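# Residue-level structure breakdown
The chain contents come next:
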2 protein chains.
Amino acid sequence: MSDNETFYIPTFEDALAAKERIAPYVHRTPVMTSSFLNELTGAELFFKCENFQKAGAFKVRGASNAVFGLSDEMAAKGVATHSSGNHALSLSYAAGRRGIPVTVVMPRTAPQAKKDAVKGYGGVIVECEPSTSSREETFAKVVAESGAEFVHPYNDPRVIAGQATCSMELNEQVENLDAVVAPIGGGGMISGTCLALSNIAPEVKIYAAEPLNADDAARSFKAGHIIADDAPDTIADGLKVPLKDLTWHFVSNHVTDILTATEEEIVDAMKLIWKRMKIVMEPSSAVPLATILKNRELFKGKRIGIIITGGNVDLDRLPWLND
Amino acid sequence: MSDNETFYIPTFEDALAAKERIAPYVHRTPVMTSSFLNELTGAELFFKCENFQKAGAFKVRGASNAVFGLSDEMAAKGVATHSSGNHALSLSYAAGRRGIPVTVVMPRTAPQAKKDAVKGYGGVIVECEPSTSSREETFAKVVAESGAEFVHPYNDPRVIAGQATCSMELNEQVENLDAVVAPIGGGGMISGTCLALSNIAPEVKIYAAEPLNADDAARSFKAGHIIADDAPDTIADGLKVPLKDLTWHFVSNHVTDILTATEEEIVDAMKLIWKRMKIVMEPSSAVPLATILKNRELFKGKRIGIIITGGNVDLDRLPWLND
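Given the structure is predicted, the values throughout are model-derived calculations rather than measurements.

Thresholds, definitions, all that
Residue positions are counted from 1 within each chain, in the order its sequence is given. Going through the entries in the order they are written, you letter the chains from A and number the ligands from 1. At least 70 in pLDDT is required for a residue's local features to be given in this predicted model, at least 80 for side-chain atom pairs to be given and counted, and no such filter applies to totals for whole chains, interfaces and linings, which use all residues. Where side-chain values are given, they derive from all heavy atoms of the structure, hydrogens and water being excluded. The split of the chain into domains comes from an automatic or database domain assignment. Two residues form a contact once any of their heavy atoms are found within 4.5 Å. By buried area we mean the combined loss of accessible area, with a 1.4 Å probe, across both parts when two parts are placed together. One side-chain nitrogen of Lys or Arg within 4 Å of one carboxyl oxygen of Asp or Glu is enough to make a salt bridge. Working definition: helices are DSSP H or I runs of at least four residues, strands are E runs of at least two. Numbering for both runs from the N terminus. In this analysis, strands are considered paired if DSSP registers two or more bridges between them. In the analysis that follows, any N or O atom pair within 3.5 Å is treated as a polar contact, provided that within protein one partner can donate a hydrogen and the other can accept it, and provided that, for residues neighboring in sequence, both atoms belong to side chains. Relative accessible area decides the class of each residue, using a 1.4 Å probe on protein chains only: under 20% of the type maximum gives buried, over 50% gives exposed, and in between gives partly exposed. Within this scheme the basic residues Lys and Arg register as positive and the acidic residues Asp and Glu register as negative, but His and the chain ends are omitted.

Much of the literature gives interface size as the accessible area that the parts lose upon coming together. All names here are of chain A. Per the domain assignment, the segments making up chain A are domain 1 (12-58 + 156-321) and domain 2 (60-150). Just the C-alpha atoms count here: the centres of domain 1 and domain 2 sit 24 Å apart. Opposite the 27 residues of domain 1 that make contact, domain 2 presents 18 residues. Of the roughly 1,800 Å² buried where domain 1 meets domain 2, counting both sides, 52% is carbon and sulfur surface. Its largest share of buried area at the contact with domain 2, domain 1 owes to Tyr25, Ala55 and Arg158, together 39% of the area lost on that side. Our count for the domain 1 to domain 2 interface comes out at four salt bridges. Residue Glu169 is joined to Arg61 by a salt bridge in which the shortest nitrogen-to-oxygen separation is 3.1 Å. For the side of domain 1 that touches domain 2, the secondary structure elements donating two or more residues are helix H1 (12-22) and helix H8 (157-173). Considering every element that reaches the side of domain 1 that touches domain 2, the biggest residue donor is H8, with eight residues.

Once that is clear, we can look at the sheet that holds strand S1 (residues 31-32) of chain B. All names here are of chain B. Read from one edge of the open sheet, six strands run S1-S2-S10-S7-S8-S9, paired in mixed fashion. Strands with a single pairing partner mark the edges of an open sheet, and in this sheet they are S1 and strand S9 (257-261). Across five bridges, strand S7 (residues 179-183) lies against strand S8 (residues 205-211) in parallel orientation. When the sheet's bridge partners are listed, Ala182 is paired in S8 with Ala208.

All names here are of chain B. By secondary structure assignment, the location of Ser146 is in helix H7 (residues 132-146). Ser146 sits 49 residues away from Arg97 along the chain, and the two C-alpha atoms are 20 Å apart. For Ser146, the side chain forms a polar contact with the main-chain nitrogen of Ala148, separated by 3.0 Å.

This part takes up unusual backbone geometry. All names here are of chain A. Positive phi, normally seen in glycine, also occurs at Asn176, with a value near 55°. Of note, Asn176 is situated in the loop between H8 and strand S7 (179-183). On the basis of relative accessible area, Asn176 is assigned to the exposed category, the value being 63%.

Within the element layout of this structure, Lys278 of chain A appears in the loop between helix H12 (263-277) and helix H13 (283-294). In this structure, Lys278 of chain A is buried with no salt-bridge partner, the nearest side chain bearing the opposite charge being Glu282 of chain B at 6.8 Å. From its side chain, Lys278 of chain A meets the backbone oxygen of Lys275 of chain A in a polar contact 2.9 Å long. At a separation of 3.0 Å, a polar atom in the side chain of Lys278 of chain A contacts the main-chain carbonyl oxygen of Gly311 of chain B.

Now the structure itself:
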């Protein structure tokens, strides 16, 4: 979808339909609290644990909504994407549940662990060279040959409507939230959060949390238009991608602010959550707590929802052990 | 309590009283499942997550029952113990909640992290030399001077009655269990499990899971009397201690079998749980899954409760990274 195309903005009705559609395939994940972290931050924190989600991440919500919303005719041709992260796992999981083919285009240089994980969920991998041109060429060929439906990791109304179900659940699980803080990369989770809360709880403020090393969304937010960086480098590897037109629509209209944290702050927050909450979660998921810890006055005394977006981390390469 | 002393065996009424007494101070921990691990084992597994418990381990149940069962007069003199592990943290937490002094005798050579953790929960540390004689001498002095009540980590009827509340909850949370598998060290958790289930669900089999490197309980079980090893070496550091008279009573009367696993099997099971269930738990807590994976026929098609006993692990020293 290019900036010049007319695009369809998902509505709250789409989110309600997604909630019903994906219910058999995703978990209603639990909300956890930590008296230690409440004391440390001076706020009341409610962690929505999408690390416990199917395929280990919230992305299975959007992927399932896209896959199960296809007509039988379209579904028979399968789905395809070119993510190498949680979206690829999630799309493979959802396609597997529907029993349709799924193709994932990945650079041949991608870590074997990521390839194995996608295969483990039933995805077929087509390798490309590690360049944008090779990826686009390879992906176009896959789609042309199979007729597979492209499901973008975030800039897709079906995906955003699916992600909206996460904050819809959170709002049912926790009363009287003052704010929700979620990580921002391409903006799929934040857009879903905006879509949900602007309809069911418009008084709840929405903060996006971003690595300072990949702060294109924060700079876009200030500038008033999308700024895309070329190749940001951050430990929060789910958050390197830029905003696109659909997600920019939600971010620019509904987000209160975008807060940033350094790499060190992100790793410290991640380790703190592992140590105190006893959960395994990704660096990306630690960015919200990192921003709360450095903006205590902003959140003091408030009831804050935090989206723990996923738990797919390489246990052999933990960031606090790579010093 | 020596073998020659008459000892008091806690009753189910004690366990019921414990459940009411400790309710304000402990979590009713969640039960988690994993479709991946169900498929892998061919059984239906229900993980009782005491890693999410206050102070990070089930031991807070027994410690809280002991602390809150004291008369005001006794409580005023405080409590004391000489564990350096989860019992010390748990006793410190419980004493802190009651607002009474707690003294922990620890070898001066104990890791600083363990000392800091006990201090973090409000415990006062008295250091001894790293020998049994110094520990006993120092501990006797502490008790003589303060009049503090000694709370043994496991061979104490108050502690066993407290641990029983874990399986009482599990039995409320999961219907029709065929068996429960829990780690065994000194036998506190297993004894509590026996106390609970022999009264409320006597048809449920109870298996103890033990590191092969510290298999004194398995050998005791076969021999029909307590065999205590001198200094077993295992990654499952909560399970090095021997059975004592009270826990032997429960083990010898109610346990179906004691299964063992090698160090490698324990570490593999631990990493598998972290990777697939996204929870942080201790090596000791992985022994049950390790024994189930090597005794698949025994558990196939059955509904199995597994006690994840705790989550206090040194994140800087993970066992699969120490090769």
